[in-house]
Amino acid sequence: MAAQVHDAGNPYGDPDWAQVPAIDLDRVRGVLEQGISGWQPPGPVAYDFLTSEKFVRLIAGPYGSGKTGALVIDPFVKAARQPRCRDGIRRHKHVFVRDTFPNLYANFVETYDEWVLRDLGVWRGGENRPFRHDLRLVDEHGVIELSIEGTAIGERDPEKVLDGYQPTGVGLNAISGLPEAVLEYFIGRMGRFPPKRMLPEGVEAWTGISGDFNKTDVDHWLYDWCVTRRTELEAGGLFAFFDQPGGMSPGAENRDNLQPDYYDRMIATWPQWKIDRLVHNKWGADRSGTPVYDAYDDQLHVAPAPLQPIDGVDIGIGFDGGMTLHPAAVFGQQDSEGQWRILAEIYAGRMGASRFSELVLDFIAKNYSRHRFYGFCDPTADRGADKEGGEKSWLDTLQFALGIPILPAGSNEEALRIDAVDQVLRSKVHGNRPGFIMDPQKCPTLRKGFNSSYMYRNAKVAGEDSTERHPAKNSYSHPHDALQYLILGKEGVHAVVTRRGGNLPFAGHDPAAGLLGGKADWGWSPLS
């Protein structure tokens, strides 16, 4: 028999508050400190999530990190902070949304029942249908009328399911299982309760949307919100993303409530892609391959704010011809302690050297007009032209147009290039800072490549699962090749080979100085 389905929009009618018993909840006064039924924040990231008043708040974490418990407590925190209406009562309607009713009850409601007693108010609902919990809370500031509802989307049109809801707050549980349309729909439905006529003149009630999730594959719409567009969205002042540490990290949250071997069991039995997502809280790789750099950590290697170029330090540019048709450029500086700071990338798809040079020049003029530059490229970029016949190679065209020195990187050996980047990813500089950081906004292709798409493809060899020996050539490989040429060229082949044995520290090595007459100061500006 098919499960009964309810198109929601307040299926139980308006609450009869006269029939809802008043509960003396002193702990609402300090809900984050004293808790609801003993609840405590599992860690500082979850605490920041709860205390934030941004319009859209999303929290990601590993299994067992306490993020769903934080979502459950959220309406109590927000209701206690609402302004009083004209009659002195604080009012808050909160709706939780899940993908299916079985998941709503088996996962979310199970967590809800751990922390909130149903007999604190009036509970309506049951399996395969929406629920509503009406609570009348009293603290030293007066009365709070709090309605908490829960529903599910299933395979239905989100607009038809959600039509009629006018909540104060929304909690999207396991939001990765919901279509982006649910978030977009609620963005247009918020701010209608309590209505303005109930509030004193000039007073605004808080309203907003929250969601929790385990990190997804990089092709999911959440990656776009929390990675690709994060800086842009946060700059607007309405969005915040809270990223909990991985389960095996020193700062892992909620460990006190887990068995000591909770994550060890997963690591011992699960495939690596699943461990990365659900234990280490990493964005998931495309499972058609294995990411090239297992040392890359999105939380460690992406700067928390846009990187500004260091004054007085030349900017290096790594160039890849992309087989001359899909060129890429990566801009970076190395500070006095040896830290690589990757400022930006240029990758615009198929084009020739002349058009690409124009893009690079325009980008420099708009972003780095006060700096000087040097470049490294694929050693083969100077080949393929009939120079005796007056033909220019890809490198000739680029170098002539830009007017900056572009040197061959020293080797085109793939393993050596990859090693050069891998070494700086694993390195630390003074103050235990990472040896590599990347701008959070201006390197989208590099970042997605690091997380997933610059990969060794899976293959079958004699019927056995295997991995191809070379990274797949795709739209992510060209910017990564450019990054490799920049770092290998600046560090030098000798340094990279020597470090394979762990014998050479990172100290801002500059092999190019010897190539250019012993001058360490060797940058040119194309704008001079």
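Just so you know, these numbers come straight off a predicted model, no measurement behind them.

**Side note on helix α10 (residues 262–269)**
Then, number 1: Taken as a whole, α10 has its buried residues at Tyr262, Tyr263 and Met266. On an axial view of α10, the arc spanned by its buried residues comes to 85 degrees, and they lie on one face. Exposed side chains of α10 directed beyond 90 degrees from the buried face belong to Ala268 and Thr269.
Then, number 2: Summarising the contacts, the buried residues of α10 are in contact with α11 (272–278).

**Here we look at the packing of helix α3 (residues 44–51) against helix α4 (residues 67–80)**
Two packed helices can be described by the angle between their axes and the distance between those axes.
Then, number 1: Following both chains from N to C, one finds α3 and α4 inclined at 40 degrees, their axes separated by 9 Å at the closest point. In this view, α3 runs oblique relative to α4, as classed from their interaxial angle. Once α3 is placed against α4, the crossing between them reads as right-handed. Counted together, Ala46, Phe49 and Leu50 of α3 and Ala70, Leu71, Ile73, Asp74, Val77 and Lys78 of α4 form the full contact between these two elements.
Then, number 2: For the contact of α3 with α4, the per-class residue count stands at 7 nonpolar, no polar and 2 charged.

**Things to note about the packing of aromatic side chains**
Geometry of an aromatic ring pair is reported as the spacing of the ring centres plus the angle between the planes.
Then, number 1: Inspection of the entire model under this criterion finds 24 aromatic pairs.
Then, number 2: Considering the side-chain rings of tyrosine 105 and phenylalanine 131, the 6.3 Å spacing of their centres and the 75 degrees angle between planes classify their relative orientation as edge-to-face. One end of the pair, tyrosine 105, is in helix α5 (residues 101–115); the other, phenylalanine 131, is in strand β5 (residues 131–139), with 26 residues separating them in the sequence. For the pair shown, tyrosine 105 and phenylalanine 131 are each scored as buried.
Then, number 3: For the pair tryptophan 221 and tryptophan 225, a centre-to-centre distance of 6.5 Å together with 80 degrees between the ring planes defines the contact as edge-to-face. With tryptophan 221 and tryptophan 225 both in helix α8 (residues 221–228), this residue pair falls 4 residues apart, about one helical turn. Here tryptophan 221 matches tryptophan 225 in class, with each residue buried.
Then, number 4: One aromatic cluster in this structure is built from Phe96, Tyr105, Phe108, Tyr112, Trp123 and Phe131.
Then, number 5: Cation over ring: lysine 78 sits above tryptophan 206, and NZ or CZ is 5.4 Å from the ring centre.
Then, number 6: Over the ring of tryptophan 270 we find lysine 274; its NZ or CZ atom is 4.8 Å from the centre of that ring.

**Section: the layout of surface pockets**
Then, number 1: Reported here for the largest pocket is a volume of approximately 1,100 Å³.
Then, number 2: Secondary structure elements with two or more residues in the lining of the largest pocket: α8, α9 (230–235), β9 (239–243), α11, β10 (289–291), α12 (298–301) and α16 (444–453).
Then, number 3: Tallied by class, the residues present in the lining of the largest pocket amount to 22 nonpolar, 13 polar and 12 charged.
Then, number 4: Taken as a whole, the second largest pocket spans an internal volume of roughly 670 Å³.
Then, number 5: Gly64, Gly66, Thr68, Gly69 and Thr111 are the residues nearest the centre of the second largest pocket, which is lined by 28 residues in total.
Then, number 6: Every element with two or more residues in the lining of the second largest pocket is listed here: α4, α5 and β8 (208–213).
Then, number 7: The element that contributes the greatest number of residues to the lining of the second largest pocket is α5, accounting for 6 residues.
Then, number 8: Looking at the lining of the second largest pocket residue by residue, the classes come out as 9 nonpolar, 14 polar and 5 charged.

**Brief notes about the sheet that holds strand β14 (residues 373–377)**
Then, number 1: Reading across from one edge, β15-β14-β11-β12-β13-β18 is the order of the 6 strands in this open sheet, with mixed pairing throughout. Edge positions in the sheet fall to β15 (406–408) and β18 (436–438), since each of these pairs with one other strand and no more. Pairwise comparison of adjacent strand axes, ignoring direction, gives a mean angle of 30 degrees for this sheet.
Then, number 2: Note: strand β13 (residues 340–347) against β18, 3 bridges, orientation parallel. Bridging across to β18, tryptophan 340 finds its partner in phenylalanine 436.

Calculation criteria
- Residues numbered from 1 in each chain as written.
- Predicted model: local features only at pLDDT ≥ 70, side-chain atom pairs only at ≥ 80, totals over all residues.
- Heavy atoms only, no water.
- Buried < 20%, exposed > 50% of the residue type's maximum accessible area, 1.4 Å probe, protein only.
- Helix = DSSP H or I, 4+ residues; strand = E, 2+ residues; numbered from the N terminus.
- Arc of directions from axis to C-beta.
- Contact = heavy atoms within 4.5 Å.
- Axes fitted to C-alpha atoms, helices over the stretch in contact; angles between N-to-C directions.
- Parallel < 35°, antiparallel > 145°, perpendicular 65-115°, else oblique.
- Left-handed = near helix turned anticlockwise from the far one by under 90°.
- Nonpolar A, V, L, I, M, F, W, Y, C, P; charged D, E, K, R; others polar.
- Phe/Tyr/Trp six-rings, centres within 6.5 Å; stacked < 30°, edge-to-face > 60°.
- Lys NZ or Arg CZ within 6 Å of the ring centre and 35° of its normal.
- 1 Å grid on protein atoms, 1.4 Å probe; cavity = no way out; pocket = protein on both sides within 12 Å on 5 of 7 lines; lining within 4 Å.
- Points joined across faces, edges and corners; volume = space filled by probe spheres on them.
- Pairing = 2+ DSSP bridges.

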